[in-house]
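# Overview (structure and organization)
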Amino acid sequence: MKISFHGHSVVKIHTGGKTILIDPFINGNELTDLIANEEKPDAILLTHAHNDHVGDTVAIAKSCGAVVVAPVELANYLSGQGLDAVGMNLGGAKEFEFGKVKYTKAFHSSSYTTDEGEVIYGGMPAGILFEAEGKTVYHAGDTEVFGDMEIIGKRHSIDLAFVPIGDFFTMGPEDAAYAVELLHPKTVVPIHYNTFPPIKQDPEQFKQAVKQAEVQIMEPGDSIEL
C-alpha cells in the first residue's frame, strides 16, 4: 500500500490496483501538487462537507465515475449532483472492492456552500478508518481532541494516522500530540496547517511534542509505503 500526502488534508491511497482520494481540495489549495482534471481515482472518501474538504469531488467524480463515500447527508446532496454516492454514518463500516471504510466521530461542524451562496447542511463530521492489505490508516478529518480517541486506538491497530494541527479551526499541535497518545498509531503525519493564515503552524513543534509514535512531516507529493 502506498499513501501520499498532497497538502491541507488531501491524502491518496494506492492499494490492490485501486486509487482512493480523501478530501480532494485541489483548486484553491496553494499547497497541493495535484491537478484536479488529471485525477482519476476509483473512489473518493470525504470526512465532512466543508468546501476545503469536498473540494473538487464533483468534477473529479463526474469525469471518471468514481464512487464517493461520505456522511449520509452530504452523500444525499452529492447524489443530487449526479454522483454515485454512498452515505454512511458514525460507527458504520462497509467492505468495498477497494478496502474497508469505517466512519468515526469527529468534533467539528459540517456544511457546504454552493457557488450561489446557499449553505447545505452536511450531517455529522467524521474521521475515517481505512483498512486494506492488513493495514489500517486513520484520517481524523477536522476535529478537536476527544476522549473517545482512546477507544479508536484500543479497537484498531493504526499503522498510519493523519491528524490536523492547524489550531483555530481544529486542534493545535499540543492537543494533536495528546491525541496521538490516545490513538497509539505507529506513524503519524500532521495535516491541515499552513494553507490559510489562521492555521499557520510549525510542524516541528508537533513532532517534538509526540513521544509515542514516529512523526513524518510530509511535503505535498511525499509518500509512505506500508
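Further up the page is the structure itself.
For the structure given in this document, a descriptive report is provided here. Keep in mind the model is a prediction, meaning the values are calculated, not measured.

A word on the overall build of the protein chain. Across its full length, the protein chain carries six helices and 16 strands. For 226 residues, the compact-globule estimate of 2.2 N^0.38 gives 17 Å, and the protein chain sits close to it at 16 Å. Here the protein chain holds 226 residues, and the buried ones make up 56% of them. For the protein chain, contacts bridging at least 24 residues in sequence account for 60% of all contacts bridging at least 6. Carbon and sulfur atoms form 45% of the exposed surface of the protein chain, whose accessible area is close to 9,500 Å². Put simply, the protein chain has 16 plus and 32 minus side-chain charges, and the middle of one group is 8 Å from the middle of the other.

Here we come to the environment of Lys154. The topology assignment puts Lys154 in helix H4 (residues 149-155). Assessed through its relative accessible area of 65%, Lys154 is described here as exposed. In sequence terms Lys154 and Leu183 are 29 residues apart; their C-alpha atoms lie 7.4 Å from each other.

Of all hydrophobic cores here, the largest spans 27 residues; its most connected members are Leu45, Phe98, Val101, Phe130 and Phe162. Residue contributions to this core peak at four residues, all from strand S11 (residues 126-132). Core analysis: the second largest hydrophobic core is formed by 24 residues, Tyr138, Ala161, Ala179 and Leu182 among them.

Right, let's get into the side chain of Thr187. Mapped onto the fold, Thr187 is located in strand S14 (residues 187-191). Setting aside anything within four residues of it in sequence, one finds Thr187 in contact with Asp159, Leu160, Ala161, Glu214 and Gln216.

Tallied over the full model, the rule gives six aromatic pairs. For the ring pair Phe98 and Phe130, a centre distance of 6.4 Å and an interplane angle of 10° mean the geometry is stacked. Remark: Phe130 occurs in strand S11 and Phe98 occurs in the loop between strand S7 (93-96) and strand S8 (99-105); sequence separation between them is 32 residues. With respect to burial, Phe98 and Phe130 carry one shared label: buried.

Turning next to the pairing of strand S13 (residues 160-164). Taking burial as the measure, the five residues of S13 include five buried ones, the bulk of the element. Here strand S12 (residues 135-139) pairs with S13 via three bridges, running parallel. Note on S13: the bridge partner recorded for Tyr138 is Ala161. In this view, the connection linking S12 to its parallel neighbour S13 by way of H4 has right-handed handedness.

The grouping of Glu144, Asp167, Glu174 and Asp175 at the surface amounts to a negative patch. Its relative accessible area of 61% is what places Glu174 among the exposed residues.

With phi around 50°, Asp23 is a residue other than glycine that occupies positive phi space. Along the chain, Asp23 turns up in the loop between strand S3 (18-22) and strand S4 (43-45). The class for Asp23 is buried, based on a relative accessible area of 0%. One non-glycine residue, Asp167, lies in positive phi territory at about 65°. Mapped onto the elements of the fold, Asp167 is located in the loop between S13 and helix H5 (173-183).

Before going further, it helps to examine the pattern of salt bridges. Following the criterion strictly, the structure yields five salt bridges and no others. For Lys154, the salt bridge identified is with Glu150, shortest N-O distance 3.6 Å. Pair noted here: Lys154 and Glu150 are both in helix H4, with a separation of four residues, about one helical turn. Overall, the relative accessible area of 36% leaves Glu150 in the partly exposed class. Ionic pairing is found between Lys186 and Asp159, a salt bridge with its closest N-O pair at 3.3 Å.

Cut-off values and rules
Residues numbered from 1 in each chain as written. Predicted model: local features only at pLDDT ≥ 70, side-chain atom pairs only at ≥ 80, totals over all residues. Heavy atoms only, no water. Helix = DSSP H or I, 4+ residues; strand = E, 2+ residues; numbered from the N terminus. Rg over C-alpha atoms; globule rule 2.2 N^0.38 Å. Buried < 20%, exposed > 50% of the residue type's maximum accessible area, 1.4 Å probe, protein only. Contact = heavy atoms within 4.5 Å. Areas by Shrake-Rupley, 256 points an atom, 1.4 Å probe, with all protein chains shown as cover. Lys, Arg positive; Asp, Glu negative; His and termini not counted. Charge placed at Lys NZ, Arg CZ, Asp CG, Glu CD. Core = buried A, V, L, I, M, F, W, Y, C linked by side-chain atoms within 4.5 Å. Phe/Tyr/Trp six-rings, centres within 6.5 Å; stacked < 30°, edge-to-face > 60°. Pairing = 2+ DSSP bridges. Right-handed = clockwise from strand over helix to strand, strands pointing away. Patch = residues over 30% accessible without salt bridge, like charges linked within 9 Å, V, L, I, M, F, W, Y side chains within 5 Å. Salt bridge = Lys/Arg side-chain N within 4 Å of Asp/Glu carboxyl O.

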